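Examination of the molecular architecture
What follows is the residue order along each chain.
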Amino acid sequence: MSNVLELIIFAGLAAVVLYQLYSVLGRRVGRQPEDAAADPAAVSGAPPPPLLDAPDDGVGLTGLPAIKNRDPSFDLSRFLAGAKGAYEMTVRAFASGDRETLKNLLAPNVMSSFEAGIDAREAAGSTETVEFLHAPRADMERAELVGDAARITVRFLAEFRSRSKGPEGEAVDDKRTAELWTFERNLKSRDPNWILVHVDAAEA
């Protein structure tokens, strides 16, 4: 009877061992031969080719990225500093009636509008000078690329004192203004200067 019991116990242990061996050896561990057959790179031993990014040709870019793609030397801080100087120069030139200075800064359509204001003031026998109370503030409002033309709109906030003289006497007027000035430059041109192409009133 004891011999039969021992045989049953040994048979059970053997079954457990065989099951554990099957559970380990029967698993797919790592890459299998059939995996290599499905992967030509694995068969040849060569590493897979790297994934290359598509070249950036600028298509789809808008705003400042589009402008910088066409003109890598463009620097927004330097542009805003130049725009601020152009703003002060333009305001002073308009007040004093300096047409020659304005012609170098304004597009023909804007020049016509400014010149009409100068003509009206001169016809009334009035003169004007402008003194900035603080350096104007300049912030980029928007940027766009239209064909070869880069356009950047700048919001200017300024405080200045206007002194005018005319037949009715002298007047001093402190003004606060908020305006949107749009500057444009042809990126194909060798001329690095931007010109004023549009002026809009803005909220302070």
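In this report, the structure presented in the accompanying data block is examined. Per chain, residue numbering runs from 1 following the sequence as it is written. The model is predicted, so local features are restricted to residues of pLDDT at least 70 and side-chain atom pairs to those at 80 or more, both for listing and for counting; the totals for chains, interfaces and linings are taken over all residues. Calculation of side-chain values draws on the structure's entire complement of heavy atoms; hydrogens and water are dropped beforehand.

A few points about the nonpolar core
Selection criterion: For our purposes a nonpolar core is just a set of buried Ala, Val, Leu, Ile, Met, Phe, Trp, Tyr and Cys residues, chained together by side-chain atoms within 4.5 Å. The classification of residues rests on relative accessible area computed with a 1.4 Å probe and restricted to protein chains. Under 20% of the type maximum is buried, over 50% is exposed, and intermediate values are partly exposed. In this text, helices come from DSSP runs of H or I with a minimum length of four residues, and strands from runs of E with a minimum of two, each type numbered from the N-terminal end. By the convention used here, residues are in contact when the closest approach between their heavy atoms is within 4.5 Å.
Ranked by internal contacts, the top residues of the largest apolar core, which has 32 residues, are Phe79, Leu106, Ile152, Val154, Phe156 and Phe183. Taken together, the elements giving at least two residues each to this core come down to α5 (76–96), α7 (108–123), β1 (127–132), β2 (137–146), β3 (149–166) and β4 (169–186). Take this core: its biggest share by element is eight residues, from α5. Here Phe183 is in contact with Phe79, Ala83, Ala86, Ala150, Arg151, Ile152, Val154, Phe156, Trp194, Ile195 and Leu196, once residues within four sequence places are set aside.

Looking at the pattern of salt bridges
Any two side chains of opposite charge can pair, so long as their charged atoms come close to each other. Just so we agree on the cut-off: When a carboxyl oxygen of Asp or Glu lies within 4 Å of a side-chain nitrogen of Lys or Arg, that pair is called a salt bridge.
For the structure on display, the rule yields 15 salt bridges. In this structure, Arg99 engages Glu115 in a salt bridge whose closest nitrogen and oxygen atoms are separated by 3.3 Å. Of this pair, Arg99 sits in helix α6 (residues 99–103) while Glu115 is found in helix α7, placing the two residues 16 residues apart along the sequence. By relative accessible area, Glu115 is classed as partly exposed at 26%. Here the salt bridges do not stand alone but share partners, grouping Arg99, Glu115, Asp119 and Glu122 into one network.

Remarks on the layout of surface pockets
The rolling of a water-molecule-sized probe over the atoms marks out the regions of remaining empty space. Operational definition: A pocket here means an open set of points on a 1 Å grid, computed over the protein atoms alone, that has protein on both sides within 12 Å along at least five of seven lines. A cavity is instead a set of points where a 1.4 Å probe fits but cannot get out; residues with an atom within 4 Å of a point line either one. Grid points are joined across faces, edges and corners, and a volume is the space filled by probe spheres set on the points. Residue classes follow a fixed rule: Ala, Val, Leu, Ile, Met, Phe, Trp, Tyr, Cys and Pro count as nonpolar, while Asp, Glu, Lys and Arg count as charged, and any other residue, Gly among them, counts as polar.
Space inside the largest pocket adds up to approximately 300 Å³. Taken together, 17 residues line the largest pocket, and the ones lying closest to its centre are Gly82, Ala83, Ala86, Asn193 and Trp194. Of all the secondary-structure elements, those providing two or more residues to the lining of the largest pocket are α5 and β4. Here the lining of the largest pocket takes eight residues from α5, the largest share from any one element. Partitioned by chemical class, the residues of the lining of the largest pocket number eleven nonpolar, five polar and one charged. Empty space within the second largest pocket amounts to approximately 260 Å³. Lining the second largest pocket are 14 residues, with Val91, Phe94, Phe114, Phe160 and Glu179 positioned closest to its centre. Breaking the lining of the second largest pocket down by element, the ones donating at least two residues are α5, α7, β1 and β4. Its residues assigned to classes, the lining of the second largest pocket comprises eight nonpolar, three polar and three charged.

Considering helix α4 (residues 63–70)
Applied cut-off: Here the arc refers to the set of directions running from the helix axis out to each C-beta atom.
Those residues of α4 that sit buried are Gly63, Ala66 and Ile67. Buried residues in α4, looked at end-on, bunch into an arc of 95 degrees, giving them a common side. Among the structural elements, β2 and β3 are those in contact with the buried residues of α4.

With respect to the pairing of β3
How we decide: Strands are labelled as partners when DSSP assigns at least two bridges between them.
Where β1 lies against β3, six bridges are found, and the strand directions are antiparallel. Of the residues in β3, the one forming a bridge with Glu131 is Arg161. In the sheet, β2 pairs with β3 via nine bridges, with the strands oriented antiparallel. Bridge pairing in β3 links Ala138 to Phe156. Counted between consecutive antiparallel strands, the loop separating β2 from β3 contains two residues, among which Gly147 sits at a positive phi close to 65 degrees. Of the pairings in the sheet, the one linking β3 to β4 comprises 18 bridges and is antiparallel in character. Paired with Leu157 across the bridge in β4 is Ala178. A loop of two residues connects β3 with β4, the two strands running antiparallel in sequence.

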